[in-house]
Amino acid sequence: MQWNLGKVFFGDRKVYEFNLLAETGHRRPAFINLQQYHLEHDMVARLRALQAAGASIDLRGAHRVAGVEAAGDHVALDIDTPEGPYRIEAEWLVACDGAGSPVREALGLGFAGRVFEDNFLIADVTMQAEFPTERWFWFDPPFNPGQSALLHKQPDGVWRIDLQLGRDIDREREKEPGRVRARVRQMLGPDVAFELEWVSIYTFQCRRMERFRHGRVLFAGDAAHQVSPFGARGANSGIQDTDNLAWKLAAVIAGEAPEALLDSYHAERLQAADENILASTRSTDFITPKSAMSRTFRDAVLDLSERCEFARPLVNSGRLSVPTIHDGSALNTPDGLPEGPARSRPGAPCPDAPLEPGFLLDRLGHGFVLMALGMPAPEVPGTAPLAVPAPGDEMRARYLGDAPRALYLIRPDQHVAARWADAAPATIATALSRALGATP
Ligand SMILES: Cc1cc2nc3c(=O)[nH]c(=O)nc-3n(C[C@H](O)[C@H](O)[C@H](O)COP(=O)(O)OP(=O)(O)OC[C@H]3O[C@@H](n4cnc5c(N)ncnc54)[C@H](O)[C@@H]3O)c2cc1C
């Protein structure tokens, strides 16, 4: 389900709206709403297809990690299954076992940050309603006074409703279907017929581990960091973790890179986790003010935003997830194209752009790419050339700026490692080994 328009209400007034689709020339829309079970289903289907193609993947359901021992050259796991326990030794372990991470617990590692006490009710309802496909966020609405609410459309005729309930509530009572129905009816009005699909109550935390790499154990996703749901940063950042980690781990296992490359996983993704935690904590503080003064500030901003342009950027109903630019990463080569666009500087995720016959990101593949704009692509072992002799308007705007031509070294996770106005193959080879973790 694609959406671009977000509306913000304060009480019964619409005070502000924003359009996410700021730019054309992207294959993907700005945002997609997709239930996590669809994503998981598709991921399992993909694993099955890889298995069928001969990849060595084992999917083991109902196998629970019950114990972990980290040694210098391997990790030993005790696994419980309905048929009894067994032990395996792994060269590497990627712990993506969620916010409660038993692996993190077993290794006695901390998870520090802020815990928020407000409770939120999620009600997924099915209804045939005339609401447009937009994100609607309410502060202090008449149907949930003093609290907030969010309405979002999902695929399959499902609407997600989030209602803030406050602190110190009776969770079991609040989950009773009759009570939830009454709340939803108050929100949607008496004439809208709906069915409850799923109900849950959640609180949240903004926390992270101190290090994401502990020898041969690498933490990813909620196991490593957790944010509030405002901003859709949880699953998105978990997927970005795996984008960042998979090619590095593959290069280390294949002997193409030193183990030190894995420290850059920690450094880069810690930077991303901190960015996400900061953004999500700010949203949470705006949505659920913790003091009379913060509430006065929040309400004044909302009041003003209806009439005054300057107040609108201060409205924070969740700043939506964007990939992190890894400025300062040890894998980057200093910018050799300073007149180029800032958005595609070393460390940045590659912006997509039309590139006949399709789009750029589809052309990047899974290895290092040497993209040459307005010039032939030099041959450098370990890179695949991508020559763009006559870049279109979007490619020019996103990769050249005022420069007449450029060379980009792009990592397997589609982040820029280096760029130049021109470079000799030896310079490019040095940047490549730096991007693979060699000490410069
Ligand atoms: C209300 C709500 C709304 C959200 N909305 C969004 C959103 O719009 N966008 C977004 O990007 N994110 C959203 N998130 C966050 C998102 O759901 C999480 O960030 C994401 O699910 C984390 O994925 P994960 O794979 O790291 O962990 P999980 O999804 O928690 O998966 C962990 C897995 O590890 C398994 N496991 C645990 N212990 C063991 C063990 N001992 N042995 C073997 N396996 C084990 C579990 O069974 C589970 O399958 C939302 C979260 C909430 C609560």
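Before any of the text, the structure's been laid out above.
To start, this report covers the structure provided alongside it. Here the structure is a predicted model, which is why all the values come from computation and not from measurement. (Residues numbered from 1 in each chain as written. Predicted model: local features only at pLDDT ≥ 70, side-chain atom pairs only at ≥ 80, totals over all residues.)

Here's the deal with the sheet that holds strand E7 (residues 112-115)
- Strand order in the open sheet formed by three strands is E7-E13-E16, with antiparallel pairing between adjacent strands. If you trace the sheet from one side to the other, it starts and ends with E7 and strand E16 (225-226), each paired once.
- Of the strand pairs in this sheet, E7 and strand E13 (residues 205-208) are connected by four bridges, and their pairing is antiparallel. Following the sheet pairing, Gly113 is matched in E13 by Arg207.
- Of the strands in this sheet, E7, E13 and E16 touch helix H6 (residues 261-287), which is tilted by about 165 degrees from E13. (Pairing = 2+ DSSP bridges. Helix = DSSP H or I, 4+ residues; strand = E, 2+ residues; numbered from the N terminus. Contact = placed C-beta atoms within 7 Å. Axes fitted to C-alpha atoms, helices over the stretch in contact; angles between N-to-C directions.)

Quick notes on helix H1 (residues 36-52)
- The end-to-end C-alpha distance of H1, which contains 17 residues, comes to 24 Å, matching closely the 24 Å that a straight helix rising 1.5 Å per residue would cover.
- Buried residues are scarce in H1, accounting for zero of its 17 residues.
- Among the residues trailing H1, Gly54 stands out with phi positive, at a value near 100 degrees. (Expected span 1.5 Å × (residues − 1). Buried ≥ 20, exposed ≤ 12 C-beta atoms within 10 Å, placed from the backbone.)

Description of the environment of Val68
- Topologically, Val68 is positioned in strand E3 (residues 64-70).
- Val68 sits in the partly exposed class, given 19 other C-beta atoms within 10 Å.
- As for Val68 and Ile88, which are separated by 20 residues in sequence, their C-alpha atoms are 9.9 Å apart.
- Apart from residues no more than four positions distant in its own chain, Val68 is found in contact with Val75, Leu77, Val103, Ala106 and Leu107.

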